[in-house]
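Per-entry structural report
Here are the chains, one letter per residue:
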Amino acid sequence: MFEHELHQITTQILKILAEQGIPAPETLDWTPIPFSGTWGTATNFFRVAAQEARAGKAPKGVKVPQRAQQIAEMVAEALGTPEGFQKVEAVRGYLNLYFDPAIYSRRVLDTALTERERFGHLPSRGQRVMVEYSQPNTHKAFHVGHLRNVILGESVCRILEAAGYDVVRANYIGDIGLHVIKWLWNYINYHNGEEPPAEEKIRWMGDLYAEAVKRLDENPELEAEVRALFARWDARDPEIVALWEKTRQWSLEGFDQVYERLGVHFDRVYFESEVEEPGKELVEEMIAKGIATDERPDGPVVVHLDELLGLKKETYRSYVVLRSDGTSLYATKDLPLAILKFQEYPDLARSIYVIDVRQSLYMQQIFKTLELMGYPWADRLYHLAYEVVNLPGNVTMSSREGTVVLLEDLMREATARARAVVEEKNPSLDDETKARVAEAVGMGAIKYTMLARENTKIVTFDWDRALDFNGVAAPYIQYAHVRANSILRKAGGQIPEPLAPTHELHPAEVELISQLAQLPEAVRRAAEEFKPLHIANQAYDIAKAFNDFYNQCPVLNTDEHITAFRLRLVAASKYALANALRLLAIDAPERM
RNA sequence: GCCCCCGUAGCUCAACGGAUAGAGCAUCGGACUUCUAAUCCGACGGCUGCAGGUUCGAAUCCUGUCGGGGGCGCCA
């Protein structure tokens with residue numbers, strides 16, 4: 001927010017160093033002064049002092065930290081107090097520049113209240129990226145393990161948009177394969193003519209799949225029937241294809257219900273069924289080019305990556321692109337899908353795959369193969385890996401094993417618990433509002449616990465932890481938003497005209513303004529690293545600072561001018577909180 | 001055998017190579033006739049798994065090691 005001033009001051013400092021014959025770096029790094037209640041920016045001279053020492057130009061007998069402090073003092077002296085700053089000090093090798101509260105507080109608030117819903121957003125980059133996420137299988141359950149993918153993917157999309165990218169949200173649905181055939185086999189033989197209940201489509205589909213697996217486990221001889229059905233499917237038997245289309249639709253409708261509730265939509269939905277044939281053709285082309293080795297009939301079609309690359313050490317290894325019987329695998333379809341994406345969107349600066357970490361090697365194999373095939377965009381493919389969600393005791397969620405927490409059950413429990421708290425805390429709200437609040441709080445709690453964590457860390461699912469409404473959690477942030485809204489409502493909803501503070505700012509005000517000002521940087525970092533965690537942390541820091549301010553600084557019952565200034569601060573905080581929550585796909589209620 | 005991830009307070013997690021490693025939960029003690037107490041304040045709690053190395057400076061980077069998890073040809 002103060003890049004312009006800092007750029008000028010940096011230039012000035014580098015000039016000062018040069019005049020003193022001190023070898024200067026190309027630039028200086030500025031970070032916020034890390035002490036609460038202060039407001040400013042800092043840089044240090046350890047690097048400069050160390051460089052000087054290496055060059056043999058440092059005064060004898062002076063250690064680096066000491067010398068850094070000397071340089072900081074010298075710079076502070078030569079710099080004076082620049083326009084717009086309150087004071088300059090040299091402390092332990094650091095040069096601390098304290099902002100002039102009147103000037104800078106006004107600038108932060110004016111920026112926030114001019115940008116409003118866009119506060120924290122970065123200028124457009126004129127680049128388009130695609131993010132593929134969710135990737136559910138039809139005819140199967142949707143559990144909490146799948147939830148992390150959807151929430152992470154959606155949040156990353158929102159963050160990238162805020163960082164100035166044009167984002168294409170892509171889904172890739174597994175609508176064919178052995179699991180579908182098993183499901184159809186079970187349906188035809190044991191559930192023919194049945195239809196799923198309207199509100200429980202996914203659960204019903206998942207239950208029938210689990211039942212199919214169980215039947216086949218108990219009676220392996222029935223596998224023959226499944227194989228026969230697979231053959232009919234493969235021959236495009238119209239009766240089977242029609243049933244497939246009808247039942248697949250039930251899953252898709254179930255997914256839509258989930259996505260709507262999660263606040264997720266997709267711009268382009270790919271299906272495995274649409275890339276299977278192109279994939280088989282592509283494999284033939286790969287064989288012809290010598291990239292794939294056809295080991296049929298004794299083996300499958302394999303890509304020997306290490307051999308192709310001449311690597312002695314095991315790196316990319318080998319993988320199978322087509323079964324020996326000619327049927328397709330994941331790889332058969334992922335290769336043509338990557339190509340299709342760039343045919344449809346040739347200008348993608350990046351094609352991102354949100355897929356769990358267990359598929360890291362596989363993703364690298366796909367990317368490397370596309371590079372070998374000569375696609376110039378192969379280096380724009382990126383695997384955004386995240387860790388899985390386990391059950392306590394390191395139990396992997398598996399629809400086969402029945403060790404799952406269904407998404408529907410989690411959402412129901414979350415909103416029920418939130419509803420109970422609303423009834424207790426705010427019984428006077430009308431019924432519809434209570435329901436909305438319960439939805440926002442319950443779903444928000446789930447999303448926050450999943451996003452406020454390093455992507456590479458395993459989440460161990462625990463009901464009480466996932467649905468904890470206290471402490472570092474979505475409701476804490478939502479509550480700060482509600483408090484801000486409450487003050488603004490009491491004030492009549494009007495935000496006062498821009499003004500500079502005439503009172504000495506309270507440390508809680510300084511801290512809050514300082515946290516607000518850090519939102520754009522959090523967005524930049526989160527987008528660069530694909531980490532919603534940074535937004536989650538910043539949202540909490542702002543909420544914390546706001547609550548502190550709320551407790552210590554009266555807004556309405558005080559001097560008129562202070563009221564005006566603080567109302568602007570409250571309004572800016574409300575936008576910042578709402579915007580940060582929106583980047584996490586969490587609703588910010590007006591009351592709760 | 002090769003490769004990847006994780007290891008920080010009793011528990012769950014933060015911390016851009018930088019100032020005194022911070023939150024929440026739990027435990028104990030306080031604050032509501034006040035803009036909503038889903039809040040706030042205080043206390044307690046640490047050899048950042050271990051050992052080396054790089055650096056002015058390491059929880060962070062490198063090497064090794066221990067512990068846990070995961071991946072490695074016809075699963076997805």
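What counts, and where the lines are drawn
Residues numbered from 1 in each chain as written. Chains lettered and ligands numbered in written order. Predicted model: local features only at pLDDT ≥ 70, side-chain atom pairs only at ≥ 80, totals over all residues. Helix = DSSP H or I, 4+ residues; strand = E, 2+ residues; numbered from the N terminus. Buried ≥ 20, exposed ≤ 12 C-beta atoms within 10 Å, placed from the backbone. Contact = placed C-beta atoms within 7 Å. Near = placed C-beta within 6 Å. Nonpolar A, V, L, I, M, F, W, Y, C, P; charged D, E, K, R; others polar. Core = buried A, V, L, I, M, F, W, Y, C linked by C-beta atoms within 7 Å. Domains from an automatic or database assignment. Pairing = 2+ DSSP bridges. Right-handed = clockwise from strand over helix to strand, strands pointing away.

Bringing the overall build of chain A into the picture now. Helix and strand counts for chain A come out as 21 helices and 15 strands. With the C-alpha coordinates of chain A rotated into their principal frame, the extents come out at 85 × 70 × 40 Å. Taking all 592 residues of chain A together, the buried fraction comes to 39%. Long-range contacts, defined as pairs at least 24 residues apart, comprise 74% of the intrachain contacts of chain A with a sequence gap of at least 6.

Close contacts around RNA strand B come from 75 residues, with A42, F46, G471, Y479 and S486 the closest. Element by element, the count of residues in the surface near RNA strand B is highest for helix α17 (residues 474–490), at eight residues. Its residues assigned to classes, the surface near RNA strand B comprises 37 nonpolar, 21 polar and 17 charged.

Okay, the nonpolar core next. Grouped together as the largest cluster of nonpolar side chains are 152 residues, with contacts concentrated most on A539, L577 and L584. For this core, the element with the most residues is helix α21 (residues 560–583), which contributes 13 residues. When residues of this core are assigned to domains, at least three map to each of domain 1 (3–99) and domain 2 (446–583).

This part is about the domain arrangement of chain A. Under the domain assignment, chain A is made up of domain 1 (3–99) and domain 2 (446–583). Between domain 1 and domain 2, the C-alpha centre-to-centre distance is 32 Å. In this assembly, five residues from domain 1 lie in contact with six residues from domain 2. Looking at the side of domain 1 that touches domain 2, its residues break down into two nonpolar, three polar and no charged.

Strand residues, when the strand is regular, have side chains that alternate between the two faces of the sheet. Both strand β11 (residues 348–356) and strand β12 (residues 381–386) contribute to a ladder of six bridges, which runs parallel. When the sheet's bridge partners are listed, I355 is paired in β12 with A385. Where the polypeptide runs from β11 across helix α13 (residues 360–372) and back to β12, its parallel neighbour, the crossover connection is right-handed.

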